Structure formats: structure tokens, C-alpha cells
Amino acid sequence: MALRVNGSDHVLDVDHRVTLLDALRERLDLTGSKKGCDHGQCGACTVLVDGRRANSCLLFAVAQDGAEVTTVEGLADDDGSLHPLQEAFLEHDAFQCGYCTPGQLCSALGMLREAAAGHPSHVTEPAAAAATGPVVLTPEEVRERLSGNLCRCGAYNGIVDAVSEVGARSAPAKGPASGPGPNKDADPAGSPAPSTTSRPDVIV
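Residues numbered from 1 in each chain as written. Predicted model: local features only at pLDDT ≥ 70, side-chain atom pairs only at ≥ 80, totals over all residues. Heavy atoms only, no water.

Participant: An account of the overall build of the chain is requested, with residue identities and associated values reported.
Facilitator: Looking only at helices and strands, the chain has six helices and five strands in total. Of the regular secondary structure in the chain, the N- to C-terminal order runs β-β-α-β-β-β-α-α-α-α-α. Taking as baseline every contact in the chain between residues at least 6 positions apart, the subset at least 24 positions apart corresponds to 63%. In the form shown here, the chain has an accessible surface area of approximately 10600 Å², with 51% of it arising from carbon and sulfur atoms. (Helix = DSSP H or I, 4+ residues; strand = E, 2+ residues; numbered from the N terminus. Contact = heavy atoms within 4.5 Å. Areas by Shrake-Rupley, 256 points an atom, 1.4 Å probe, with all protein chains shown as cover.)

Quick look at the structure:
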């Protein structure tokens, strides 16, 4: 099977029972993605698969043949400059032990892209959900959209503040949306736009 991980191509020979998480950690030595519950309930293993966040512990590696995967190791620039989300996490002290942080960062990046594309959440007001354009990320929106990522240290306030700050940097001007709708190729968090490949099996 072939995977493109953090911009590099890899060809792997793996058992059909191996999860994407184990392939990343044990075959590619990308140990940023953490094994937490191993049941898709804590979010510590969250990565981006074709630009969409996914619990890598629930995905068979062979089923992702040809996919583009981004782990926390791939968020920073080639020159070592931190991703805006990473900088915000540092500034707002959005972690303590750090075990869940890689999953929090990848999930936050995927969430920002979803909101920029106008995808509503459970707490999005009906009028806003029916409108075209990016969703305004209130603290309630951030909490709801990141509710699948648990932090046993309880650094949630810092996480919400960090993600809200990065989301606000690219927030559209207030007012009714106009035009054909959001530019789904734009990335509000400063990373390359996700692949347009449709992979509904990996939505979290």
C-alpha cells in the first residue's frame, strides 16, 4: 500500500489488521499521534486524512491506500516555524502533560477548515446553519466541535482560547454572506488546503 504522509511518499507492506495509528507509529516512527483509548473515544490519535480529521486507531491502514495523511509532525513549516495553532497553544498554555495535544492540534485544524467551509455543528443556530459562508466560531462552537478530544489535565479553557484566537484571525467581516458561498480551498489556519478527494468513511 502507498501513503503520502506529511508530504513524503511511503510504500508499506502491512498486515490487513494493522491500524493507521500503528502503521504511523511503528512503521514510520511518527510517534506524535498517541494511542489513548484505542476505541475512538478520546481523540488522542486524531490525524488528518485527505484534509479531514479522523481517529487513526479506527482506520485500517490498507483501507487508506493512496491517501494523504497529516500528523502533528507535519504541521510546522519546513524551516521549523510553528503552525499558528501550535503558537497559540503555547501562548495560551493550552496543555499540561501534552499527551492529548497532537490530537487536539490536528482536530482543531480540521475543525477550522470545516467551519470555514460553512459546516454547521450541533450548537449552530438554525439561521446561521441555513446561511452560506463560514460559521462564526463562538466559544460554544469551539467546545462542541472539539468535544471528541479529551484532556485529562483539564486544559480546556486554554484550548478554547487558542483555537478561538486562530479562528478569529481569518474570520470574515460581519454581515450577511454574499456571492457563491465560501471558498472551500481556503485554509483559515495557515496550512495547505485539504485534498478534494471524497472520503466520507473517515469523517469524525
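Participant: So what about the nonpolar core? Which residues, and what values?
Facilitator: Counting residues in hydrophobic clusters, the biggest one holds 26 residues, and the most contacted among them are Leu85 and Val163. Every element with two or more residues in this core is listed here: helix 2 (84-91), helix 3 (101-116) and helix 6 (156-169). The biggest single contributor to this core is helix 3, with seven residues. When sequence neighbours within four positions are dropped, the list of residues in contact with Leu85 reads Leu105, Ala108, Leu109, Leu112, Val163 and Val166. (Core = buried A, V, L, I, M, F, W, Y, C linked by side-chain atoms within 4.5 Å. Buried < 20%, exposed > 50% of the residue type's maximum accessible area, 1.4 Å probe, protein only.)

Participant: So what's going on with helix 3? Residues and values would help.
Facilitator: Taking 1.5 Å of rise per residue, the 16 residues of helix 3 would be expected to cover 22 Å, and the 22 Å separating its terminal C-alpha atoms lies within 8% of that figure. Here helix 3 lies mainly inside the structure; 15 of its 16 residues are buried. (Expected span 1.5 Å × (residues − 1).)

Participant: Report on the packing of helix 2 against helix 6, specifying residues and quantitative values.
Facilitator: Two elements in contact, helix 2 and helix 6, have axes whose closest approach is 8 Å; the angle formed by their N-to-C orientations is 140°. Taken together, the axis directions place helix 2 and helix 6 in an arrangement best described as oblique. Crossing of helix 2 against helix 6: the hand is right-handed. Between helix 2, through Pro84, Leu85, Ala88, Phe89 and Glu91, and helix 6, the contact on the second element is made entirely by Ile159, Ala162, Val163, Glu165, Val166 and Arg169. Across the contact of helix 2 with helix 6, the residue classes break down as eight nonpolar, no polar and three charged. (Axes fitted to C-alpha atoms, helices over the stretch in contact; angles between N-to-C directions. Parallel < 35°, antiparallel > 145°, perpendicular 65-115°, else oblique. Left-handed = near helix turned anticlockwise from the far one by under 90°. Nonpolar A, V, L, I, M, F, W, Y, C, P; charged D, E, K, R; others polar.)

Participant: How would you sum up the side chain of Asn55? Please name residues and give values.
Facilitator: Tracing the chain through its elements places Asn55 in strand 4 (residues 52-55). One polar contact links the side chain of Asn55 to the main-chain carbonyl oxygen of Gly40, over a distance of 3.3 Å. (Polar contact = N/O pair within 3.5 Å; in protein donor to acceptor, adjacent residues only side chain to side chain.)

Participant: Residues and numbers for helix 2, please.
Facilitator: Here helix 2 has its buried residues at Leu85, Gln86, Ala88 and Phe89. When helix 2 is viewed along its axis, its buried side chains cluster within an angular range of 160° and face the same direction. Counted as exposed and oriented over 90 degrees from the buried face of helix 2: Leu90 and Glu91. If you follow the buried residues of helix 2, they end up packed against helix 3 and helix 6. A positive backbone phi angle near 50° is found at Asp93, which sits one or two residues after helix 2. (Arc of directions from axis to C-beta.)

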